[in-house]
Amino acid sequence: MNIHQLSVNHDERQDRLLLRLNTQDQQEFRFWLTRRMTLRLMPAIEQSAVRLEAAQPGVAATDGPSQNLLSELKRDAFLKKADFATPFENRATQWPLGAEPLLITDAHLTIKPNGALEIAFEDKSDPAQARACQLHLQVSLVHGMVHLIQQATEKAEWGNLGSSAKAPDTDPVTPPEPPRYTH
């Protein structure tokens, strides 16, 4: 799936975020993120971005502080070039997951050998109809998604998620087991 646009909006009535992804072939994927899920998921996504940046060919950042600095520099460079001014376009003609967004109850993160972050979102709110979706995001899209979610949480006044991408000096370079989050 080639992602064309990302959007994150706060739903004040339900106190949750709506994450929308449009693909180049006019498909739209929609996900509800509760405050609790967002607060649990964001540190893991930010840490995954740090690990993705450190795993790029030719990168010599082997310790935690160097990895974090490298990731911050690359994120800042991406954000300077990114287009956050163009409004999200409702041009989707297909909704592979259905018209109703998935309520994310579980998320699994895996750093893939090709330099992408695989995020598996699951909706187990109705055990009879569990739904799931896997996203494969390059690090630049991860930075963009984190930025949009941080903006939405600030607007929602959910408190500062903070950058928890700060790894201790003794953090290994190899990624740990993929985290699992249950809501």
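Residues numbered from 1 in each chain as written. Predicted model: local features only at pLDDT ≥ 70, side-chain atom pairs only at ≥ 80, totals over all residues. Heavy atoms only, no water.

Visitor: Could you give an account of the pairing of strand β5 (residues 106-111), with specific residues and numbers?
Guide: Looking along a regular strand, one sees the side chains alternate between the two faces of the sheet. Bridge analysis of β5 against strand β6 (residues 116-123) gives 6 bridges, and the strand direction is antiparallel. Following the sheet pairing, L109 is matched in β6 by I119. Linking two consecutive strands that pair antiparallel, namely β5 and β6, is a turn of 4 residues; a positive phi of about 85° is found at G115 within it. (Pairing = 2+ DSSP bridges. Helix = DSSP H or I, 4+ residues; strand = E, 2+ residues; numbered from the N terminus.)

Visitor: An account of the environment of E154 is needed here, citing residue identities and associated values.
Guide: Among the secondary structure elements, E154 is positioned in helix α3 (residues 139-155). The sequence separation of E154 and H10 amounts to 144 residues, and the corresponding C-alpha distance is 9.8 Å.

Visitor: Can you break down the pattern of salt bridges residue by residue, with the values?
Guide: Proximity of charged atoms lets side chains of opposite charge pair with each other. Taken as a whole, this structure holds 6 salt bridges when the rule is applied. In this structure, E28 and R20 form a salt bridge, with 2.8 Å as the shortest nitrogen-oxygen distance. Among the residues examined, R20 registers a relative accessible area of 13% and is labelled buried. The residue R131 makes a salt bridge to D123 at a minimum N-O spacing of 3.8 Å. (Salt bridge = Lys/Arg side-chain N within 4 Å of Asp/Glu carboxyl O. Buried < 20%, exposed > 50% of the residue type's maximum accessible area, 1.4 Å probe, protein only.)

Visitor: Which residues make up unusual backbone geometry, and what values do they have?
Guide: With a phi angle near 60°, Q26 is a residue other than glycine that sits in the positive phi range. Within the secondary structure, Q26 sits in the loop between β2 (16-23) and β3 (28-34). The backbone phi angle of E157 is positive, close to 60°, even though this residue is not glycine. By the element assignment, E157 lies in the loop between α3 and β8 (180-182).

Visitor: Explain the packing of aromatic side chains to me, using residue names and the numbers behind them.
Guide: Aromatic ring pairs are defined here through the distance separating the ring centres and the angle between the ring planes. Taken as a whole, this structure holds 1 aromatic pair when the rule is applied. Here F31 and F121 contribute two aromatic rings whose centre-to-centre distance is 4.9 Å and whose plane-to-plane angle is 55°, an arrangement assigned as tilted. A residue pair is termed long-range when its members are at least 10 positions apart, and F31 in strand β3 and F121 in strand β6 qualify at 90 residues. Each member of the pair, F31 together with F121, is buried. The residue whose ring lies beneath R16 is W32, and the NZ or CZ to ring-centre distance is 3.8 Å. (Phe/Tyr/Trp six-rings, centres within 6.5 Å; stacked < 30°, edge-to-face > 60°. Lys NZ or Arg CZ within 6 Å of the ring centre and 35° of its normal.)

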